[in-house]
Structure formats: structure tokens, C-alpha cells
Amino acid sequence: MNNEEMRLPIEGVQTFEKVFIGGEWIAPRGGRLIESIDPATEEVWTRVAESGLEEVDLAVAAARQAMQGPWARYFTASQRGEYLRRFALLLRRDAERIAHLESRDNGKPLHDTEGEISKAADWLDFFAGGADKLNGSQIPVRPDALAFTRREPIGVVAAILPWNSPIMMAAWKLGPALAAGNAIILKPAEQTPVSALQLGRLAQEAGLPPGVVNVLPGYGPVAGAALTTHPGVNKVAFTGDWRTAQKIMQAASGSLKRCTFECGGKSPFIVFEDADLDKALVVGLNSAFRSTGQSCSIASRIFVQRPIYERFASAFAERAKAIRVGNPLDAHTHIGPQTSADQLAKTQRYIGLGLESGARLIAGGGRPPGLDRGYFVEPTVFADVRNDSCLAQEEVFGPVIAMLPFDDEAEAVSLANDSNYGLVAAVWTQDIKRAHRVAAAVEAGLVCVNTYGATHWMLPYGGFKLSGIGRENSLESLLEYTEVKSVFVDLSDQRPADRFAD
Ligand code: ADP
């Protein structure tokens, strides 16, 4: 099916009526459609086929069949890499069009979605190169034996994706899963189902064998849950809320599926008085408010050493007030709306809790003037937040920042670690010894010194504590998509000791 066929207008709204299973575009048996709302207008902008239990069964069967075919049996690792490279090339070719769809679906400004798609292609390229670097090892158990390990694909991977960065999160799973020789089923979030279908189209164009990539838009509790209990799925790779991860872990325990989870954070951004404050301010603002706060890695708790606290807080608030919130398709826009009505309500609830807690509102808190429709909210900064309050402990997933003072290094570390999350942290100081001490002491999967957002395909990424299990990115993450098999070959001429001979 080509792209135009996928876009049949129904009642003036573009519709994606089919899902991608076993290399074919199939209309789900249930005939239901998911309505996707444009968060800037609050109107349905597209309808997407909803996968039900039958489609889950079909997709798992197709993926299992692919694991019996040439993909698993004859393709070399380098050939798998070539497919991924081609996939990346096609993604770059279509970046502008897909970015447009993603901005309508998700509400991020075009420059952000374009940037993410270009990065997603970089990620695929990295894993393309990683495919033929996935080695087992030879283990010197005995001189007269050959012992070695093989890194084999796990089998069928269900990738359950979030709505905040749909294409990026898909690439983070697609790249290593295919490089390691698995088949994959992408289940995009119901709020943002469109871009994953585009990946299905590109997988087809890249010539991947049928069933290696399948795309099932559908609801979490239906298609998502069915994938996590399905006996034919070997691994679940999930990004989303930790409470959903908890459910998935329970569901997946029935067949002991392998699971990797990336579940958000409440990341501390620690600014010591000797830091380069101009730089910390610029990076802090970007780290706090990019993606309208809808990123698991945003710097949502900003700790500032007391002598510079007031100055830093008021400069931060002034800059936050100047951020241009608006329509994502407008090139002038800095940040768009929240992706859904639910997320807007959640953000507003936390603003209310912040006010009730007695924290000092120093920027935002309301709806941006002039934007009457759409899930818009002002970049919001609370100062003097207590670290044990909801605002400092719970993930808002909106542009709401908690700012807190601290006196010394020990207190900064203790406040930073007093959290159930542990995804990213930043330390800002000119003192190299202190930077290393704090980097070692903070409980987080990624610590940035005098920078932020150092997420890179070469760096392992994932969380301590409630922030997740396992790591994505880097060659290490390839291992998370493999089973290790030890092979032991006896090369000796010795007769075996016969314990039962007499
Ligand atoms: P949020 O609460 O922010 O929407 P979720 O963690 O619920 O985030 O969603 C992330 C992904 O998990 C989405 O693709 C969603 O459809 C899926 N999901 C939600 N509930 C379940 C579930 N019970 N089993 C499997 N997947 C689920």
C-alpha cells in the first residue's frame, strides 16, 4: 500500500484505516477507529485503526514466522545493519512530512519534531553499525575444550511506546531489536498513533522481510495488555509511567518475558555558587521546559546554593515568562500545548497542589493569554518548594518546575537522592573534585556536569529506582535484546570417568 491509499478522507478528516502486520496493511476486524486530537485546537484531526486482540494474535504469529525465515536463518549481521541504514535514509528523506504529522498528533513545535526525527535516524544508523559488532566471547575453561558464548536474538519484541517522543522512542527500540536479529511489534500510544504507522511504511519500503516489523496502534489496556501476556512475545520494551510498568511486569511474569522499562524521573539540577550561572540559566531553562515539560528526563527539581538562590530564581522566572507558547506549526513558537486533555488536567492539578503547599509561585501558573482553545499552559516556576511535597516528589510531566535552596554539598546530594526516581541529574560547579564527588554520589542513570541533556546513542541510558530497569542506547543496550548461549565443546581424548561402572 502506498501512502496515498492510507489516507482516505472520512467526513473531511484524514484516516489511517489499516495496521501493518506481516508486511501487509490490514483493516482490523473490529472496525473501530481511534480519534486523535490535535492538542492545539482540541479537534479530531485524524482517525487511526484500532488493533484488537485478533490483530495482536496475527502480529505475534507474523513476527514468530519471520523468526523462522530468512531474517533469522540466512541474513548476516552486516546485512541486518544494511537494512537499518536504509531505514534511516528513508526516515531522513521523509522527515519533513512525518514531522508535520507528529506535530499535529503530539503538539510539539515543528523544529522539535524535525530534530527528533533526524536524531531517530542517527540512532538507527548507530545500531546499523552495531549489528555486526555483537560478539560472543571465548572462555578459557580448559585447554582441551572450546567454550564460547553466542548472542542470540530473544525472538519477538513488543515495543510499547509513549506519546511524548513517539518516533525517538520507537527508534530506541527498533534499532537494537533489529540489529540483534529480533522481530518487533510497535504499539504506539493511543494519543499519538500516526508516526509509528509511517515507520511501518518505511520498513516496507526498506524491504525488510514480512513480519520483522509490525505496527499495531491500539489502546494500552487492550492491545498493549494483550501483548504483555501473549505467550508468543519474548520481550517487552516499554517507555511510560512506572505504574504501567508495574502492571506490565506482573502481566509479563506469566511467561517470564524479558522486560526493559524506562519510566520517567524527577531529575535534580544542582547549581553551586561557583557555577557559570549564565550558562546554567540557559541550559536549565531548556532542560526544564523543552517538550512542554513532557519528557522523562526534564530537570524538574532545581536546587540552587543559598547565596545565589534569589538571584538565580528571579532570573529563571523572568526568562520563563518570556517563553513563547503557541501553535506547534508556527515557526515562532518555542513550546506547544500539552499533548492531551488528561495531561493538561494533571499539570493544572499540580499547579494547584503547589499553591496549596505554600510554595512561592514566581512564574506562570495559568493559561497563556490569547490562547483560548488547545491544551496550553504557561511555563510555571515555584520557588521555596519543600522537597517532601508532591511538587518535588511526583512527576508532573508538564512545564512546572520546583526550585529549592540548599546550603552545602552534603545537603544537595541528600535532597537530590531523596526521591523515588533516579534518571538524570546535573551538577553545576567549577570545582572538578566536587563535580566528581557529586556525580558519584547522586543516584541517577545519567549525570551531567556543567551541561544537561547529554542523551546520546553511544551512552547507556536508563534509571535507578522507579525510573526503570535496564538500559537503552549504546552497544550495551544491544545485549538487552539477546539471550546468551554458552557452548562447551570437549576436545580432549580422555575417557570420561564412569561413576556408575561398578
Ligand atoms: P500515560 O499514563 O502517561 O499515558 P502510560 O504509561 O499509560 O502513560 O502509557 C505508555 C504506553 O503504555 C502507551 O502505549 C499505552 O497505551 C501503554 N499502556 C497503558 N496501559 C497499559 C497496559 N495495562 N498494558 C500494556 N500497555 C499499556
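Looking now at the confidence of the model for the protein. Confidence in the prediction of the protein, expressed as mean pLDDT, is 96, and 98% of residues score 70 or more. Note that pLDDT drops below 50 for residues 1-11; the model gives that stretch 26 contacts with residues more than four away or on any other chain.

What follows deals with the sheet that holds strand S24 (residues 482-490). Read from one edge of the open sheet, three strands run S7-S8-S24, paired in antiparallel fashion. Two strands bound the open sheet, and with one partner strand each, they are strand S7 (138-139) and S24.

Attention shifts here to the site of the ligand. Surveying the vicinity of the ligand reveals 17 residues, the closest of which are Leu 161, Lys 187, Glu 190, Asp 241 and Thr 244. Between the ligand and Leu 161 there is a distance of 2.6 Å, counted from an oxygen atom to a backbone nitrogen or oxygen. For the ligand, an oxygen atom lies 2.6 Å from a polar atom in the side chain of Lys 187. Surface burial for the ligand is 80%, taken as the share of its 560 Å² of free accessible area covered by protein chains. Elements with a minimum of two residues in the shell around the ligand: helix H8 (220-229), strand S12 (235-239) and helix H9 (242-252). When residues in the shell around the ligand are grouped by element, the largest group, three residues, is from H8. Here the residues of the shell around the ligand sort into eight nonpolar, six polar and three charged.

Another aspect to go through is the packing of helix H4 (residues 95-106) against helix H7 (residues 194-205). H7 packs onto H4 with a crossing angle of 155 degrees between their chain directions and a minimal axis gap of 9 Å. Viewed along their axes, H4 and H7 adopt a mutual orientation that is roughly antiparallel. Here H4 contributes Arg 97, Ile 98, Leu 101, Glu 102 and Asp 105 to the contact with H7, which in turn contributes Val 194, Ser 195, Gln 198, Arg 201 and Leu 202.

Turning next to the packing of aromatic side chains. Following the criterion strictly, the structure yields 15 aromatic pairs and no others. Look at Phe 126 and Phe 127: their rings are 5.1 Å apart centre to centre, the planes differ by 75 degrees, and that puts the pair in the edge-to-face class. Like Phe 126, the residue Phe 127 is buried in the burial classification. Ring centres of Trp 172 and Tyr 461 lie 5.3 Å apart, and the angle between their planes is 80 degrees; on these two criteria the pair is classed as edge-to-face. One end of the pair, Trp 172, is in helix H6 (residues 166-179); the other, Tyr 461, is in the loop between strand S21 (446-449) and strand S22 (464-465), with 289 residues separating them in the sequence. For the pair Trp 172 and Tyr 461, a shared accessibility class is recorded, and that class is buried. An aromatic cluster is built from Trp 123, Trp 172, Trp 457 and Tyr 461, whose rings are joined through pairwise contacts. Over the ring of Tyr 350 we find Arg 349, and its NZ or CZ is 5.0 Å from the ring centre. Over the ring of Phe 272 we find Arg 434, and its NZ or CZ is 4.0 Å from the ring centre.

Before going further, it helps to spend a moment on the sheet that holds strand S15 (residues 299-305). Pairing is mixed in the open sheet, where seven strands are placed in the order S16-S17-S18-S15-S14-S20-S21. Bordering the open sheet on either side are strand S16 (360-363) and S21, each of which pairs with just one other strand. Going across the sheet, the axis of each strand differs from the next one's by a mean of 20 degrees, ignoring polarity.

For an α-helix, 3.6 residues make a turn, and residues three or four places apart therefore share a direction. Along H9, the residues that are buried comprise Ala 245, Ile 248 and Ala 252. When H9 is viewed along its axis, its buried side chains cluster within an angular range of 60 degrees and face the same direction. Away from its buried face by more than 90 degrees, H9 exposes Lys 247 and Gln 250.

Quick look at the side chain of Ser 389 now. Among the secondary structure elements, Ser 389 is positioned in the loop between strand S17 (380-383) and helix H13 (390-393). Residue class for Ser 389 comes out buried when judged on its relative accessible area of 12%. A distance of 2.7 Å separates a polar atom in the side chain of Ser 389 from the backbone oxygen of Arg 386.

Scanning the model with the defined rule gives 27 salt bridges in all. Between Arg 142 and Asp 144 there is a salt bridge, with the nearest N and O atoms lying 2.8 Å from each other. Residue classification places Asp 144 among the partly exposed positions, given a relative accessible area of 26%. Shared partners join several salt bridges into a network, and the residues in it are Arg 93, Asp 94, Arg 201 and Glu 205.

What follows concerns unusual backbone geometry. Although it is not a glycine, Ser 291 adopts a positive phi angle of roughly 55 degrees. Its relative accessible area of 7% is what places Ser 291 among the buried residues. Positioned with a positive phi, Ser 474 is a non-glycine residue whose angle comes to about 75 degrees. Position of Ser 474 among the secondary structure elements: in helix H16 (residues 474-479).

Before going further, it helps to examine the pairing of strand S13 (residues 258-262). By the bridge criterion, five bridges tie S12 to S13 in an arrangement that is parallel. Looking across to S13, one finds that Val 236 is bridged to Cys 259. In this fold, the crossover linking S12 to S13 by way of H9 has right-handed handedness. When S13 meets strand S23 (residues 468-469), the two strands line up antiparallel, connected through two bridges. Paired with Phe 261 across the two strands is Ile 469, which belongs to S23.

Criteria and cut-off values
Residues numbered from 1 in each chain as written. Predicted model: local features only at pLDDT ≥ 70, side-chain atom pairs only at ≥ 80, totals over all residues. Heavy atoms only, no water. pLDDT = per-residue confidence, 0-100. Contact = heavy atoms within 4.5 Å. Pairing = 2+ DSSP bridges. Helix = DSSP H or I, 4+ residues; strand = E, 2+ residues; numbered from the N terminus. Near = heavy atom within 4 Å. Polar contact = N/O pair within 3.5 Å; in protein donor to acceptor, adjacent residues only side chain to side chain. Areas by Shrake-Rupley, 256 points an atom, 1.4 Å probe, with all protein chains shown as cover. Nonpolar A, V, L, I, M, F, W, Y, C, P; charged D, E, K, R; others polar. Axes fitted to C-alpha atoms, helices over the stretch in contact; angles between N-to-C directions. Parallel < 35°, antiparallel > 145°, perpendicular 65-115°, else oblique. Phe/Tyr/Trp six-rings, centres within 6.5 Å; stacked < 30°, edge-to-face > 60°. Buried < 20%, exposed > 50% of the residue type's maximum accessible area, 1.4 Å probe, protein only. Lys NZ or Arg CZ within 6 Å of the ring centre and 35° of its normal. Arc of directions from axis to C-beta. Salt bridge = Lys/Arg side-chain N within 4 Å of Asp/Glu carboxyl O. Right-handed = clockwise from strand over helix to strand, strands pointing away.

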